[in-house]
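Structural description and commentary
Listed here are the chains, written in short residue letters.
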Amino acid sequence: MYSEIMSTPERLIESTRELLWERGYVGTSPRAIQQHAGAGQGSMYHHFKGKPDLALAAIRRTAEELRATAEDVLDAPGSPYERVEAYLRRERDVLRGCPVGRLTMDPDVIASAELRAPVDETIDWLRERLAGIVEEGKEQGQFAPSLDSEEIAATILATVQGGYVLARASGSPAAFDTAVRGLLALLSPTRRGLD
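Below: a short report on this structure. (Residues numbered from 1 in each chain as written. Predicted model: local features only at pLDDT ≥ 70, side-chain atom pairs only at ≥ 80, totals over all residues. Heavy atoms only, no water.)

**Structural notes on helix H9 (residues 174-187)**
In an α-helix, one turn spans 3.6 residues; hence positions three or four apart end up facing the same way. Under the 1.5 Å per step criterion, the end-to-end length of H9 is 20 Å for 14 residues, consistent within 8% with the ideal 20 Å. Among the residues of H9, Phe176, Val180, Leu183, Leu184 and Leu187 are the ones counted as buried. When H9 is viewed along its axis, its buried side chains cluster within an angular range of 100° and face the same direction. (Helix = DSSP H or I, 4+ residues; strand = E, 2+ residues; numbered from the N terminus. Expected span 1.5 Å × (residues − 1). Buried < 20%, exposed > 50% of the residue type's maximum accessible area, 1.4 Å probe, protein only. Arc of directions from axis to C-beta.)

Structure (structure tokens):
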């Protein structure tokens, strides 16, 4: 499944990431990880203390990847509105859901302060990053001055995560796209005169 040049620890981390996304923490057994990675039990326990240690490495990697992907879009050229729009419309596997957002629904991840930390940090980072862009848009006169940047950032995140849920429930990415279009219409600079 993985390249021969990928090290055993990398194969274990990538396998765990994939299985956590598909099955959650409880459904991701050490045996399933080993089979998916093509690694033996000895290899797994040589590189990691156990399933929690490996899961933490996988969750951190997933969180780092999500941040990097978001940062690429949010740092791109364009007005604040265009950058928010690019973030909302970026390519996603909508029917699989968000690999970080899905972890918030996993009771075993949420019950563990250590496993939950990279999830919380990523969500907080993204909310702050989006709030900064909204604030920038307010300063430039692109967003209404009455908007609360923190609330709008939370709304953007809620639209994305809720859009995933609606799309998965309906079996169609159309529900995600509808939520995004609705939020963008509310944030549109052409609506400034309505506030």
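**Here's the deal with the nonpolar core**
Of all hydrophobic cores here, the largest spans 49 residues; its most connected members are Leu12, Tyr87, Leu88, Leu126, Leu130 and Ile156. Those elements giving two or more residues to this core turn out to be helix H1 (8-23), helix H2 (30-37), helix H4 (51-74), helix H5 (80-89), helix H7 (113-139), helix H8 (149-170) and H9. If we ignore the near neighbours within four places in the chain, the residues touching Leu88 are Ile156, Val160, Phe176, Val180, Leu183 and Leu184. (Core = buried A, V, L, I, M, F, W, Y, C linked by side-chain atoms within 4.5 Å. Contact = heavy atoms within 4.5 Å.)

**Side note on the packing of aromatic side chains**
Following the criterion strictly, the structure yields two aromatic pairs and no others. Taking the centre distance of 5.3 Å and the plane angle of 45° together, the rings of Tyr164 and Phe176 count as tilted. Residue Tyr164 is found in helix H8, and its partner Phe176 is found in helix H9; the two are separated by 12 residues along the sequence. In this structure Tyr164 comes out as buried when scored by relative accessible area, which is 6%. Of the residues examined, Phe176 reaches a relative accessible area of 2% and is grouped as buried. One Lys or Arg, Lys51, reaches over the ring of Tyr25 and ends 4.1 Å from the middle of that ring. One cation-aromatic arrangement involves Arg92 over Tyr87; the distance from NZ or CZ to the ring centre is 4.9 Å. (Phe/Tyr/Trp six-rings, centres within 6.5 Å; stacked < 30°, edge-to-face > 60°. Lys NZ or Arg CZ within 6 Å of the ring centre and 35° of its normal.)

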